[in-house]
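# Chains, contacts and geometry: an overview
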Amino acid sequence: MHDLIKRNTPKIALSFITELIEKKDGKGIYEIEACNGKILLRGDCTISIAMAYYRYLKEFCGVNLSWCGNTRLQVDSAPLPLHKITHIIEQDKRVYMNCRAFSYTACWWDWERWEREIDFMAMNGINMPLSLVGTEAVWYYALRDLGFKEPDVLQYLSGPAYWSWQLMTNLDSTLALTDIKYIESRLELGKKIIKRETELGMSPIMQGYSGQVPRSIIRIFRKARLRHNPSWYNFPTTYQADPSDPLFKKLGKILLEKQLRLLGANHYYLCDPMHDNPPKNRIGGEYLKNIGKAVFNLYDSFDSESVWVMQSDSLSDKLVKSVPRDRCLILDLDGSKHIESNGFWGYNFILGTQNNTGGRNTLHGSIKSLADNPYMQEKQKYENLSGTGIFPEGMEQNPLYFDLAFEMLTENKKIDLDEWLRSYAARRYGSSEPCLADAVLGLKDTCYSEKCTGSETGSVICARPSTELTHAAIGDTMELRYDNKCLFDAADALLSAKKADKDGYIYDACDIVRQVLSNHARTVYQETMDGYNNKDVRKFEINSNAFLRLLDDIDSLLQTREELTLSSRLSDAHSAAISDNDKQNFEINVLTQLSLWGPLNNTVLYDTAWHEWGGLIKTFYAARWRSFFELLAGNFKGIRRISTVTQKQPYGRNDYRGSGFYKNLERIERNWIATCHPEDPSGNDTVKVASELLEKYRKAILE
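The rules behind these values
- Residues numbered from 1 in each chain as written.
- Predicted model: local features only at pLDDT ≥ 70, side-chain atom pairs only at ≥ 80, totals over all residues.
- Heavy atoms only, no water.
- Helix = DSSP H or I, 4+ residues; strand = E, 2+ residues; numbered from the N terminus.
- Rg over C-alpha atoms; globule rule 2.2 N^0.38 Å.
- Buried < 20%, exposed > 50% of the residue type's maximum accessible area, 1.4 Å probe, protein only.
- Contact = heavy atoms within 4.5 Å.
- Expected span 1.5 Å × (residues − 1).
- Bend = angle between axes of the 7 residues up to and from the residue.
- Core = buried A, V, L, I, M, F, W, Y, C linked by side-chain atoms within 4.5 Å.
- Pairing = 2+ DSSP bridges.
- Phe/Tyr/Trp six-rings, centres within 6.5 Å; stacked < 30°, edge-to-face > 60°.
- Lys NZ or Arg CZ within 6 Å of the ring centre and 35° of its normal.

This part covers the overall build of the protein. Scanning the protein from N- to C-terminus turns up 26 helices and 15 strands. In terms of overall size, the protein behaves like a compact globule, its C-alpha atoms giving a radius of gyration of 26 Å where 703 residues would be expected to give roughly 27 Å. Oriented by its inertia axes, the alpha-carbon framework of the protein measures out at about 75 × 75 × 50 Å. Every one of the 703 residues in the protein was classed for burial, and the buried ones make up 61%. Taking contacts inside the protein between residues at least 6 apart in sequence as the whole, the part at least 24 apart equals 73%.

Here it is, written out as structure tokens:
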């Protein structure tokens, strides 16, 4: 614990003393008080003491530690606490990370970034993090032991941007790995991560096994009985060892033993057979029951204390009920699935907060729902509710929402939201100016209002151009559920501050103004389409040009924050690579995930991971919109208005190659993947650029 304090606040590290105490009535506890000129932090375990440390820093030093701005603590003095604080932790298990986040956000993190994240976990009370780094090596060496040659194994292991979905059995061999040295580097990183997590008293959730095998395994095990899984979103079918076949247990045991030897084990194993892709034939239910028994028996034979961890996305009662109740833990990722199953049929579960799909950076989420403390409400209904969790598909977005979400992980009552927001503004921005409190209270009534729950708000900028926009990505909504003028007022209040001096202020100035301008793009798009549909050439030209200028302005704003640029993500990918081949491969991983997603020859997942990032808007989204406006302009004098809405509407969106226009757009997108070279961040003054743009668009937005 002393090392954690020294890493994060070296100037005041000697001001703290720590002490272990007993649990309170079987529940976690921490205490903070002054003792002989020192700050005494007590807790029932290391994590509880870490929580006491961060609680002290927030209440007495006014800190905010975040993914987005304020990424490091800067504390020079340590005032003694004026009163004793005692906190009882009602939530036994606090789980963190979504499997997809390892590919959407964390796939390029190095040890320095992971070390900060692990400390962040501890300070926020996480005691069960999902730990998947290094699983590439587990699979590599297990398959090599089975007789596979190195090139065949590399070709089977999907690239970093897709590895998470291979672990969830959705796909394999997608933009595959090329270098064993990268796999070895991932193994070393995974070892460091798990070592640090266990040193802090966490119980990492490790990867399990549910039967997936390479399609070429039949060459080695000629009599193996394999099942062809249904295609997942048009990806090539994957293969599953039949649960009754000896190969199922053989490969499963090798993988678990290899993981134990290479990374360690902590009794918790995550796997979801046919995740988001259940069997569709009449015998599907029986098959799920059999595979459930096979997976449990595998875990039980390997570790008699094993607990099978399942995600709630597509659970079947037949699968769950094939496992003893005390040997299963269900992660209710978005906190809603337990209602459909009456508390998961009595099995232990974690009440989760998700609020993000695809890593997309739209400001979104109901903070009142968090402040109401749903855990304490649901615990009264379900005795089998075991704890809380945070499971966004991508991190490093929505800083206000997730600051509150992390606090509510271990809160034991409802909180006064307005009071919390005023405190948050002072901590995040380093100033108690009323305009800053007004700004965050304005966010509560707009992008973080109760209306903004459920589906995320899609970006018009990032949507594939169409004469009718229904979704930017599958499952989002193009409805703006609040008044953009009110969000403008919040941004205006934020930028009127005179004393705000923290990096969180600069980040939010960029992010909130970005959202205001992105919302305004909806109006400009609609005006453009009105001009086209009504054959008003002046209105069409004015607004289509204004739309493209708006995109350029937003891009220039985002280029002032390095972490909000495409070039930064590509740089991280290059740094993670060992060989030149991997540098090129990882760049394609990034660009493909952000655009076509896949499969490349027949995608329905295009734009799933859209981001409003500097460089990405200018080189990709603007090019698509320019092509669209040129199509409309070329037909302007036609008798009939063009519609780009395709006859087929897979998942409520246009068919990717469903018309001549979209086939041409595909060529633009593929060429972008092959040739993209975004500009480096500009280094311009973020607050100055944000203020200038807010003033530039003031009249257009408010009138």
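On to helix H23 (residues 616-634). Look at H23: 26 Å from first C-alpha to last across 19 residues, which is about the 27 Å you get at 1.5 Å a residue. The largest bend in H23 comes to about 35°, at alanine 622. All of the buried residues in H23 are Leu616, Ile617, Phe620, Tyr621, Ala622, Arg624, Trp625, Ser627, Phe628, Phe629 and Leu632. Where the residues of H23 are buried, they touch helix H19 (503-533), helix H20 (537-558), helix H21 (566-576), helix H22 (580-594) and helix H24 (660-675).

Now for the nonpolar core. Ranked by size, the top nonpolar core spans 242 residues in total, and within it Met97, Trp114, Trp597 and Trp625 carry the most contacts. For this core, the element with the most residues is H19, which contributes 13 residues. Each residue touching tryptophan 625, except ones within four places of it in the same chain, is listed here: Val460, Ile461, Ala463, Pro465, Leu469, Tyr525, Phe547, Leu548 and Leu551.

The step from glycine 598 to proline 599 runs through a cis peptide bond, and the omega angle for that step is -5°. Locating proline 599 in the fold gives a position in the loop between H22 and H23. Even without glycine at this site, histidine 267 takes up a positive phi of about 80°. Take histidine 267: it is sitting in the loop between helix H9 (246-262) and strand S11 (268-270). For histidine 267, a relative accessible area of 32% gives the class partly exposed.

Bringing the pairing of strand S15 (residues 385-390) into the picture now. By the criterion of burial, S15 is predominantly enclosed, with six of the six residues buried. The pairing of strand S14 (residues 349-353) with S15 spans five bridges and is parallel. Looking at the pairing, threonine 353 lines up with isoleucine 390 of S15.

Centre distance and the angle of the planes are the two values used to describe a pair of aromatic rings. Overall, the coordinates contain 47 aromatic pairs when judged by the stated rule. Centre to centre, the rings of phenylalanine 16 and tyrosine 56 are 5.5 Å apart; their planes meet at 85°, and the pair counts as edge-to-face. Within this pair, whereas phenylalanine 16 is found in strand S1 (residues 16-20), its partner tyrosine 56 is found in helix H2 (residues 46-61), the two being separated by 40 residues in sequence. Tyrosine 56 carries the same exposure label as phenylalanine 16, and that label is buried. Centre to centre, the rings of tyrosine 162 and tryptophan 597 are 5.0 Å apart; their planes meet at 80°, and the pair counts as edge-to-face. Placement of tyrosine 162 in the loop between helix H6 (150-156) and helix H7 (163-167) and of tryptophan 597 in the loop between H22 and H23 is noted, with a sequence separation of 435 residues between them. The class for tryptophan 597 is buried, based on a relative accessible area of 2%. Each residue in the set Tyr104, Tyr162, Trp165, Trp232, Tyr233, Phe235, Trp597 and Tyr651 is aromatic and connected to the rest through ring pairs, giving one cluster. Stacked on the ring of tyrosine 606, the Lys or Arg arginine 464 has its end atom at 5.3 Å from the ring centre. The aromatic ring of phenylalanine 636 is capped on one face by arginine 641, whose charged end is 5.6 Å from the ring centroid.

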